[in-house]
Amino acid sequence: ALVASCGFALAAPYLPEEAKESYSCGSVCVGFIFSVQPAFAFIGSPLCSQILKRRLCSRRLMLILSLNVAGLAFVAFAFVMKLPKPHENQPPVLFVATASIIRAVSGLASGAVDTTVFAMIASLCNHEQAHLVRTQGEESTSSTTTTTSTLGDRMGKLELAYGLGFAVGPAVGAGLYALGGFLLPFLVVGGLTVVLVAPALQVALQMGPHADKSERARQIASLVELSEESEAQGDDEEQCSVGGLVLARPGALAALCSAALSCACFGALDPSLQIYILSSVSDAHAKEATSAVGLLFCLVAFCYCLATVPVGRIADRAAPHACIAAGLVGIAVGFFLLGTPKFPIPYLGEAWAKLLPNVIARSAVALCVIGPSAALTFVPSMPALIMEARKRNGIGRNDNWPGEEVWHDSLSGALSAAWSAGAFVGPLAGGAVVRGLGFDDATGVFCVVLGAMAALQLASMLY
């Protein structure tokens, strides 16, 4: 998770300028290159889900192969600046096509990594509960935690890794770029992924049974593979359709839409926040403002990381849908504080701007609200989907359910696809709304949409 998110953000600080100087690429071309990766992650997530669901590949093998492909894609991207430069007044077709193809491969790999990791985490909780039931008897179920009530904590730790990757990625990329130019960041990260990360993961997944022959160690080590019990549950596979779940349980649709919308709101800040801040300061302070924007993005990632684990534990004890709704409201409040919108509450935006005139300070406060609120939206998403699958099958939240295993791959692919779709659509839709309405009124639109989604999320709890 850390490698995938770090690689995604690695080129953000320097690729636009390099592409502009070397190949005369405008913002549209660069934006297209960046958007290719989440677009193909959207394709790769359900594809990986179907491969795992049909037992064409084990989760362990899928994860290791995906990490190796992602690492090789990073290495290949290091050489895109070595491509021939176009003749004068000719578009940089070769550069854009090659960079986009490599980013597409990276997107497919990152989608597979996300889907596989989500499925592994869910299986970890499910098999641990099944092990406790087998060893202690069914009477222990009421005194032990179940999949739904431990998944939030584990998803919180997973999202911590993603948040660290997005926070560290630009800094690592900028530092290595300053040391060795465009080649170095991708060669280092890609090379380490292939040479160290994937083999180390393979060893870590295999050493458990050899290091300790106890029943507990064998149980934990086998969590990354499909158990014989889940293999025998073929009769349930036809029923674990995400489409059927969405039609039968509105809460599942609300959870997926909330995940996509939250990612889209995050993505909308990428092309617009820097322009908004620079337009609000004088030319004499433009350089300092540009540096401040980078720090602001690090700030929101840092706040997100601080909140993931506590939010996961809260989601284990509270209704996941309520946590998601609270997160959507928090993101809406953050967007309202980010600009000075005239709606949905007239005059309040102007009063906030007068109270804190410095645009960078206002943005910092807003992002400190958005970061933890995003954790409230992202972390409980998988527990919410599993809870909806349980309700559809008439299984209580605290009941042991061996048939849950067959849902993990499908739900993981759907959730990863929803996040990827939001990451792809966000910058495009956000840029269009900002161009049409201006940044201040655009934040008001985001507030209204997020508030409406929060209301739908709460309404889905009644069904």
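Residues numbered from 1 in each chain as written. Predicted model: local features only at pLDDT ≥ 70, side-chain atom pairs only at ≥ 80, totals over all residues. Heavy atoms only, no water.

## Some words on the confidence of the model for the protein
Heads up, the condition is: The predictor attaches a confidence to each residue, called pLDDT, with possible values from 0 through 100. Here a helix means four or more residues in a row that DSSP labels H or I, a strand means two or more in a row labelled E, and each is numbered from the N terminus. Note on contacts: a residue pair qualifies if any of its non-hydrogen atoms lie within 4.5 Å across the two residues.
Confidence along the protein averages 79 in pLDDT terms, with 83% of residues attaining 70 or more. Ranking the elements of the protein by mean pLDDT puts helix α9 (residues 228-231) last, at 42, and helix α15 (residues 320-338) first, at 93. Of the regions scoring below 50 in pLDDT, residues 138-147 engages in 22 contacts with residues more than four places distant in sequence or in other chains. Note that pLDDT drops below 50 for residues 207-236; the model gives that stretch 42 contacts with residues more than four away or on any other chain.

## Side note on the packing of α15 against helix α20 (residues 439-460)
Helix-helix packing is described using two parameters, namely the angle between the two axes and the distance between the axes. We apply this condition: Throughout, an axis means a line fitted to C-alpha atoms (over the contacting stretch in the case of helices), and angles, computed between N-to-C directions, take values from 0 to 180 degrees. Here roughly perpendicular refers to angles of 65 to 115 degrees, roughly parallel to angles under 35, roughly antiparallel to angles over 145, and oblique to all remaining angles. Should the near helix be turned anticlockwise from the far one by less than a right angle, the crossing is termed left-handed; should it be turned clockwise, right-handed. Each residue receives one of three labels: charged for Asp, Glu, Lys and Arg, nonpolar for Ala, Val, Leu, Ile, Met, Phe, Trp, Tyr, Cys and Pro, and polar for the others, Gly being one of them.
At a minimum axis distance of 8 Å, the contact between α15 and α20 shows a crossing angle of 170°. By the angle class used here, α15 and α20 are roughly antiparallel. Two packed elements cross with a definite hand, and for α15 against α20 that hand is left-handed. Facing α15, whose interface residues are H321, A322, I324, A325, L328, V329, I331, A332, F335, F336 and L338, α20 presents F439, T443, F446, C447, L450, G451, M453, A454, Q457, L458 and S460. Here the residues of the contact of α15 with α20 sort into 17 nonpolar, five polar and no charged.

## Details of the side chain of T308
As a reminder, the rule being used: Each polar contact in these results corresponds to two N or O atoms within 3.5 Å; when the atoms are within protein, one needs to be able to donate a hydrogen and the other to accept it, and residues that are neighboring in sequence are counted only if both atoms are side-chain atoms.
Assignment of secondary structure puts T308 in helix α14 (residues 286-317). Within polar-contact distance, the side chain of T308 engages the backbone oxygen of G156 at 3.3 Å. Among all residues touching T308, those that are not within four sequence positions of it are G156, E159, L160, A375 and V379.

## Quick notes on a nonpolar patch on the surface
Inclusion rule: Only residues whose relative accessible area exceeds 30% and that take part in no salt bridge are eligible for patches, with like-charged residues grouped when within 9 Å of each other and nonpolar side chains (Val, Leu, Ile, Met, Phe, Trp, Tyr) grouped when within 5 Å. Method for areas: the Shrake-Rupley scheme with a 1.4 Å probe, in which residue coverage is limited to the protein chains shown. Here a salt bridge means any side-chain nitrogen of Lys or Arg lying within 4 Å of a carboxyl oxygen belonging to Asp or Glu. Working definition: with a 1.4 Å probe on protein chains only, accessible area under 20% of the residue-type maximum means buried, over 50% means exposed, and in between means partly exposed.
Among the surface-exposed residues, F40, F42, I43 and L108 lie close enough to one another that they form a single nonpolar patch of about 330 Å² accessible area. Structurally, F42 can be placed in helix α3 (residues 27-53). Looking at F42, the relative accessible area reads 41%, which means it is partly exposed.

## Here's the deal with unusual backbone geometry
Here the residue pair F343 and P344 is connected by a cis peptide bond, since its omega of 10° sits within 30 degrees of zero. Within the secondary structure, P344 sits in the loop between α15 and α16 (348-355). Notably, Y347 is not glycine yet its phi reads approximately 70°, a positive angle. In this fold, Y347 is placed in the loop between α15 and α16.

## Some points on the pattern of salt bridges
For the structure shown, the criterion picks out one salt bridge. Here R249 and E388 are joined by a salt bridge, their closest N and O atoms 2.8 Å apart. Highlighted residues: R249 in the loop between α11 (242-248) and α12 (250-269) and E388 in helix α18 (residues 381-392), separated in sequence by 139 residues.

## Considering helix α2 (residues 15-23)
Keep this limit in mind: Here the arc refers to the directions that run from the helix axis out to each C-beta atom.
Residues L15, E18, A19 and Y23 constitute the buried set of α2. In a view along the axis of α2, the buried residues occupy a sector of 95°, so they form one face of it. Along α2, exposed side chains directed more than 90 degrees from the buried face belong to K20 and E21.

## Structural notes on the environment of V75
By the element assignment, V75 lies in helix α4 (residues 59-77). Look at V75 and you get partly exposed, because its relative accessible area is 25%. With sequence-adjacent residues up to four places away left out, V75 is seen in contact with F186, L187, G190 and G191.

## Looking at the nonpolar core
Operational definition: Among buried residues, those of type Ala, Val, Leu, Ile, Met, Phe, Trp, Tyr and Cys that are joined through side-chain atoms within 4.5 Å constitute a nonpolar core.
In terms of nonpolar packing, the biggest core is built from 75 residues, with L151, M155, I277, F335, M382, L411 and L450 touching the most fellow members. With ten residues, α12 is the largest single contributor of residues to this core. Not counting residues up to four positions away in its chain, the partners in contact with M155 are F118, I121, V379, M382 and P383. Residues L10, A11, Y23 and F186 belong to the second largest nonpolar core, which totals 23 residues.

## Observations concerning α20
To keep things clear, this is the line we draw: For a helix, the expected span equals 1.5 Å multiplied by the residue count minus one.
Its 22 residues place the ends of α20 32 Å apart at the C-alpha level, agreeing with the 32 Å of an ideal helix rising 1.5 Å per residue. Listing the buried residues of α20 in full gives F439, D441, A442, T443, G444, F446, C447, L450, M453, A454, Q457 and S460. Contacts made by the buried residues of α20 are with α12, α13 (273-279), α15 and α19 (405-437).

## Overview of the side chain of H321
Considering the arrangement of structural elements, one finds H321 in helix α15. Given a relative accessible area of 3%, H321 falls into the buried group.

## Considering the packing of aromatic side chains
Let me state the cut-off plainly: Aromatic contacts are taken between Phe, Tyr and Trp rings whose centres are within 6.5 Å, Trp giving its six-membered ring; a plane angle under 30 degrees counts as stacked, one over 60 as edge-to-face, and the others as tilted. Geometrically, a lysine NZ or arginine CZ counts as sitting over a ring once it is within 6 Å of the ring centre and also within 35 degrees of the ring normal.
Considering all chains together, one arrives at ten aromatic pairs under this definition. Seen in terms of ring centroids, Y304 and F378 are 5.9 Å apart; in terms of plane orientation they differ by 65°. Their pairing is edge-to-face. Of this pair, Y304 sits in helix α14 while F378 is found in helix α17 (residues 359-378), placing the two residues 74 residues apart along the sequence. You can call F378 buried: its relative accessible area is 8%. Put simply, the rings of F118, F266, Y304, F378 and W419 pair up and form one aromatic cluster. The ring of Y23 carries K85 above its face, with NZ or CZ at 5.4 Å from the centroid.

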